[in-house]
Amino acid sequence: MKVVRTRGLAHAFPGTGQLFAGLDLDLLPGEVVALVGPSGSGKSTLLSILAGWLVPESGTVERVGIEHTGWVLQNPHGVPRRTALDHAALPLLARGYTRQEAEREAMTHLERFGLSSVSGRPFRALSGGEAQRLMLARAVATASDLLLVDEPTAQLDLATAATVSAVLAGIAQDDSIVVVATHDPHTRDACSRVVDLAEHQLPPVADGTPEGTRAHGHAEDNG
């Protein structure tokens, strides 16, 4: 069974105070979990902790059955002259599919994300929304155990962002854990579960300093 489990997770960067604290999560395959919260609340930081790229200040992260982690970043990147079909087929070729098998399977992923009509179009000719949806389709084709999506609509206008949010549920897979960091309410609503980091921030004390950083500040005053 695959699971990513956190207990008592907390993190802070020097000079910024506590981002979040006391975070207990059980992330399971088959759902799309949205990480939401105000700017600076640690959404992208938490993705890096879940991936194992960053060690939390305190708490634990347990990854069971997680061998491959995939990412979809804010800005879509592709090979300008390669077609959308090429981009979706490449992960399948890397997994040992024949070219014919890879293209057949890739087309099913493109259809899921509303891209079948542009399958033969080079990456450089795709719109912003099409390119970002292609990144989601390619990510699904990688069959990652843990798929992390960082602000998929951050660089898109409202109309284009809506096309991405509309297909976001398509990345849910029975054997993959999917976590999406977002500030977009439409993206949040497209996910099956929401984790609000604002609910895991330490309350400020009278001087405006988060409780978790108060002792450190007093130590400096006394020094």
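Provided above is the structure to which this section pertains.
These numbers were taken from a predicted model, which means no experiment stands behind them.

Draft legend 1. How the structure looks around the overall build of the chain. Check the secondary structure of the chain and you find seven helices and eight strands. If one aligns the C-alpha atoms of the chain with their principal axes, the spans along those axes are about 70 × 40 × 30 Å. Residues counted as buried form 45% of the 223 residues belonging to the chain. Looking at the chain alone, contacts between residues at least 24 apart form 69% of all its contacts between residues at least 6 apart. As displayed, the chain has an accessible area near 10900 Å², and 50% of this comes from carbon and sulfur atoms.

Draft legend 2. Region of the structure containing helix H4 (residues 128–141). With 14 residues, H4 extends 20 Å between its outermost C-alpha atoms, agreeing within 8% with the 20 Å of an ideal straight helix rising 1.5 Å per residue. Of all the 14 residues making up H4, 12 are buried; the element is thus mostly covered by neighbouring parts of the structure. Of the positions making up H4, those classed as buried are Gly129, Glu130, Ala131, Gln132, Arg133, Leu134, Met135, Leu136, Ala137, Ala139, Val140 and Ala141. Residues of H4 that are buried in the fold lie against strand E5 (69–72), helix H2 (84–94), helix H3 (99–112), strand E6 (146–150) and helix H5 (158–166). Backbone geometry just after H4 places alanine 143 at a positive phi near 55°.

Draft legend 3. Main features of H2. For H2, the buried fraction is high: eight of the 11 residues fall into the buried class. Residues of H2 that are buried include every one of Ala84, Leu85, Asp86, His87, Ala88, Ala89, Pro91 and Leu92, and no others. Looking at the buried residues of H2, the elements they touch are H3 and H4. At the exit of H2 stands glycine 96, carrying a positive phi of roughly 105°.

Draft legend 4. Structural detail: the pattern of salt bridges. Scanning the entire structure with this criterion turns up 10 salt bridges. We note a salt bridge from aspartate 189 to arginine 188, for which the minimum N-O separation is 3.2 Å. We classify aspartate 189 as exposed; its relative accessible area is 55%. The exposure class assigned to arginine 188 is partly exposed, which follows from its relative accessible area of 32%.

Draft legend 5. Quick peek at the sheet that holds strand E1 (residues 3–13). A sheet is described by the order of its strands in space; here three strands give the open sequence E2-E1-E4, paired in antiparallel fashion. If you trace the sheet from one side to the other, it starts and ends with strand E2 (17–27) and strand E4 (58–64), each paired once. Going from strand to strand, the sheet's axes swing by 15° on average, the running direction of each strand aside. For E1 and E2, the ladder comprises seven bridges, and the chain directions are antiparallel. From the neighbouring strand, alanine 12 faces E2, where its bridge partner is glutamine 18. Its contacts with the sheet put helix H1 (residues 43–51) on E1, E2 and E4, and the angle it makes with E1 is roughly 130°.

Draft legend 6. Spatial organisation of the layout of surface pockets. By volume, the largest pocket amounts to about 200 Å³. If you tally residues by element for the lining of the largest pocket, the top one is H4, at four residues. Within the lining of the largest pocket, the residues separate by chemical class into seven nonpolar, seven polar and one charged.

Draft legend 7. Structural view of the packing of H2 against H4. Contact geometry of H2 with H4 gives a least axis separation of 7 Å together with a crossing angle of 20°. One element, H2, and the other, H4, form an angle in the roughly parallel class. Here H2 and H4 pass one another in a crossing that is right-handed. Each of Ala84, His87, Ala88, Pro91 and Leu92 in H2 lies in contact with H4, whose residues at this interface are Leu134, Arg138 and Ala141. The residue makeup of the contact of H2 with H4, split by class, is six nonpolar, one polar and one charged.

Draft legend 8. Region of the structure containing the nonpolar core. Phe113, Leu134, Leu136, Ile171 and Val180 are the most contacted members of the largest nonpolar core, which has 34 residues in total. The element contributing the most residues to this core is H4, with eight residues. The contacts of leucine 134, once residues within four sequence positions are left out, are Ala84, His87, Ala88, Leu110, Leu115, Phe123 and Leu126. Core analysis: the next-biggest nonpolar cluster, separate from the first, contains 22 residues, Leu25, Leu148, Ala181 and Leu197 among them.

Calculation criteria
- Residues numbered from 1 in each chain as written.
- Predicted model: local features only at pLDDT ≥ 70, side-chain atom pairs only at ≥ 80, totals over all residues.
- Heavy atoms only, no water.
- Helix = DSSP H or I, 4+ residues; strand = E, 2+ residues; numbered from the N terminus.
- Buried < 20%, exposed > 50% of the residue type's maximum accessible area, 1.4 Å probe, protein only.
- Contact = heavy atoms within 4.5 Å.
- Areas by Shrake-Rupley, 256 points an atom, 1.4 Å probe, with all protein chains shown as cover.
- Expected span 1.5 Å × (residues − 1).
- Salt bridge = Lys/Arg side-chain N within 4 Å of Asp/Glu carboxyl O.
- Pairing = 2+ DSSP bridges.
- Axes fitted to C-alpha atoms, helices over the stretch in contact; angles between N-to-C directions.
- 1 Å grid on protein atoms, 1.4 Å probe; cavity = no way out; pocket = protein on both sides within 12 Å on 5 of 7 lines; lining within 4 Å.
- Points joined across faces, edges and corners; volume = space filled by probe spheres on them.
- Nonpolar A, V, L, I, M, F, W, Y, C, P; charged D, E, K, R; others polar.
- Parallel < 35°, antiparallel > 145°, perpendicular 65-115°, else oblique.
- Left-handed = near helix turned anticlockwise from the far one by under 90°.
- Core = buried A, V, L, I, M, F, W, Y, C linked by side-chain atoms within 4.5 Å.

By themselves these figures say nothing about function.
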